Amino acid sequence: MFSLPDVAAAAAGRLAAAHYDFFAGGADDERTLRANTDAFDRYRLRPRVLRGVGERDLTVTVLGQSLSMPVLIAPTAFHRLAHPDGEVGTARAAAAAGTVLVLSMAATQPVEQVAATGVRFWFQLYVQPDRAFTERLVRRVAAAGCGALVVTVDSPVFGRRRRDLRNGFLDLPAGLACENLRDPAGSGPPRAIGWEPGLNWDVLDWLRGITSLPIVLKGILHPADAVRAAERGVDAIIVSNHGGRQLDAAVTGIDALPAVVDAVGDRLPVLVDGGIRRGTDVLTALALGASAVAVGRPVLWGLAVAGADGVRQVLELLRDELDRAMALCGADRVAALGPDLVETVGR
Ligand SMILES: Cc1cc2nc3c(=O)[nH]c(=O)nc-3n(C[C@H](O)[C@H](O)[C@H](O)COP(=O)(O)O)c2cc1C
Ligand SMILES: O=C(O)C(=O)c1ccccc1
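As recorded in an unreviewed UniProt entry, the chain goes by Alpha-hydroxy acid oxidase and comes from Micromonospora zhanjiangensis. As recorded by UniProt, the Sequence similarities (unreviewed entry) comment attached to the chain reads in full: "Belongs to the FMN-dependent alpha-hydroxy acid dehydrogenase family." Under the UniProt heading Cofactor (unreviewed entry), the entry covering the chain gives this text: "FMN".

Right, let's get into the overall build of the chain. When helices and strands are tallied, the chain shows 13 helices and 12 strands. A compact globule built from 347 residues would reach a C-alpha radius of gyration of about 20 Å, and the chain, at 19 Å, matches this within 12%. For the chain, the spread of C-alpha atoms along the principal axes amounts to about 60 × 45 × 40 Å. For the chain, the proportion of its 347 residues judged to be buried stands at 57%. In the chain, of all internal contacts separated by at least 6 residues, the share reaching a separation of at least 24 is 74%. When the accessible surface of the chain is summed, it comes to about 14,000 Å², and 51% of that surface belongs to carbon and sulfur atoms. Separation between the mean location of the 37 positive side-chain charges and that of the 39 negative ones in the chain comes to 1 Å.

A separate point is the site of ligand 2. Lining the immediate surroundings of ligand 2 are F22, A77, F78, A106, Y126, F158, R161, I193, H242 and R245. The side chain of H242 places a nitrogen or oxygen atom 2.7 Å from an oxygen atom of ligand 2. Between ligand 2 and the protein, one listed contact pairs an oxygen atom with a side-chain N or O atom of R245 at 2.7 Å. Here ligand 2 loses 87% of its free accessible area of 290 Å² to cover by the protein chains. Of the residues in the shell around ligand 2, the class split is seven nonpolar, one polar and two charged.

What follows covers the site of ligand 1. Around ligand 1, a shell composed of 23 residues is seen, among which P75, S104, T152, D273 and R277 lie nearest. In the environment of ligand 1, an oxygen atom lies 2.7 Å from a nitrogen or oxygen atom belonging to the side chain of D273. For ligand 1, the accessible surface in isolation is 600 Å², of which the surrounding protein chains cover 98%. Among the residues making up the shell around ligand 1, the classes are represented as eight nonpolar, 10 polar and five charged.

As a further point, take helix α9 (residues 202–210). An α-helix turns once every 3.6 residues. As a result, residues three or four positions apart point the same way. Buried residues of α9: V203, L204, L207 and I210, and no others. When α9 is viewed along its axis, its buried side chains cluster within an angular range of 130° and face the same direction. The secondary structure elements touched by the buried residues of α9 are β6 (120–125), α7 (131–143), β7 (149–152) and β8 (215–220).

Once that is clear, we can look at the environment of N180. Mapped onto the fold, N180 is located in the loop between α8 (162–167) and α9. Linking N180 and V334, residues 154 residues apart in sequence, is a C-alpha distance of 36 Å. If sequence neighbours within four positions are ignored, N180 has contacts with L103, A107, Q109, P110, V111, F133, L137 and R140. At a separation of 2.7 Å, a polar atom in the side chain of N180 contacts the main-chain amide nitrogen of V111.

On to the environment of R297. Relative to the assigned elements, R297 resides in helix α13 (residues 297–329). Along the chain, R297 and T211 lie 86 residues apart, while their C-alpha atoms are 30 Å from each other. Of note is the side chain of R297, whose polar atom sits 3.3 Å from the backbone oxygen of A24.

If you walk through the whole model with that rule in mind, you get seven aromatic pairs. The interplanar angle of 25° and the centroid separation of 5.2 Å between the aromatic rings of F22 and F78 together place this pair among those described as stacked. With a gap of 56 residues between them, F22 in helix α2 (residues 17–24) and F78 in the loop between β4 (71–73) and α4 (79–82) connect regions that are remote in the sequence. Residues F22 and F78 agree in their burial class; the two are buried. Cluster of aromatic residues (ring-pair linked, three or more members): Y20, F22, F23, F78, F169 and W301. Taking NZ or CZ as reference, R161 lies 4.1 Å from the ring centre of F158, over its face. Across from the ring centre of F133, 4.4 Å away, lies the NZ or CZ of R191, which sits over that ring.

Rules behind the numbers
Residues numbered from 1 in each chain as written. Chains lettered and ligands numbered in written order. Predicted model: local features only at pLDDT ≥ 70, side-chain atom pairs only at ≥ 80, totals over all residues. Heavy atoms only, no water. UniProt positions renumbered as here; feature names shortened; annotations may be inferred. Helix = DSSP H or I, 4+ residues; strand = E, 2+ residues; numbered from the N terminus. Rg over C-alpha atoms; globule rule 2.2 N^0.38 Å. Buried < 20%, exposed > 50% of the residue type's maximum accessible area, 1.4 Å probe, protein only. Contact = heavy atoms within 4.5 Å. Areas by Shrake-Rupley, 256 points an atom, 1.4 Å probe, with all protein chains shown as cover. Lys, Arg positive; Asp, Glu negative; His and termini not counted. Charge placed at Lys NZ, Arg CZ, Asp CG, Glu CD. Near = heavy atom within 4 Å. Polar contact = N/O pair within 3.5 Å; in protein donor to acceptor, adjacent residues only side chain to side chain. Nonpolar A, V, L, I, M, F, W, Y, C, P; charged D, E, K, R; others polar. Arc of directions from axis to C-beta. Phe/Tyr/Trp six-rings, centres within 6.5 Å; stacked < 30°, edge-to-face > 60°. Lys NZ or Arg CZ within 6 Å of the ring centre and 35° of its normal.

See the structure below:
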């Protein structure tokens, strides 16, 4: 396997069809799902030459945390559906690669077991209608050593995924559960994730009142919302359409990124996800102003193919591709990447 598309192809043959579809699928007509990867075809790089690129330095610092490369693991549900190693396997790979795992609230292993790998992790939260339970969960993940809360804000209701409806995939198979939704923690029955259509900006004051963890908003696409986040003192944002699984016909992250970066300036770090499959995709996002990117499905495919080792391979492929792309663009460090390197075609 020499690229992320190779890993994805290998994973397709290893998963039960309904599980593959759950991971691969998007909302409704999957226009946004397709657009996420297609979008990168409209960006072209304008490399610089003779800049003495020597050894490239891929490190970045996000929220005061130093990463060996500007690629985080996006939160995705149900890792044990992909491989018995589950989120603990993904965590081992993230730790080995020197990057951050954003652990999904729908993880199938307890946050304490993930933390025991030594990984640096952030926790993705869907604020629950039951605020007392949400508070207990936030305290639990903070006690486990979580580095930031990633509050997903693009899901007031759950997207409609026709593959899952057709396959009758509604819930985890017996033996698997959302281990961080047990209440009381660790022992009680797992709660079902509740959606909160009434959620509004006031939730940030409530969150600030219960935790001192950095707060990241995931699922921003509109520059006005990015500005609002900055004004509210949010610590970072992730420009994302949730991998095309929520609002179909939503703009892609990479297309939304420049206006968001322009609107917030350097008031807060802007991360982006969706459709990143190549080192050149990472480079494009960084050049357009992202502080780092996150990858979702490629990690699940790596996990499905070879557990923790497969995830490690995916991360190392991306690292190697980004390193080579930076060298070929004449950039010896991430800060050397700017919008002058990127041209948009066909619009
Ligand atoms: C199977 C799957 C499960 C996901 N689960 C979550 C989740 O629990 N919470 C969340 O905020 N985002 C979730 N996402 C969205 C990802 O965090 C991320 O935004 C998206 O996958 C990035 O696009 P990519 O898969 O093209 O890299 C999920 C995505 C997938 C594919
Ligand atoms: O957020 C998602 O995309 C997702 O697939 C999911 C599924 C179950 C529980 C939580 C999230």
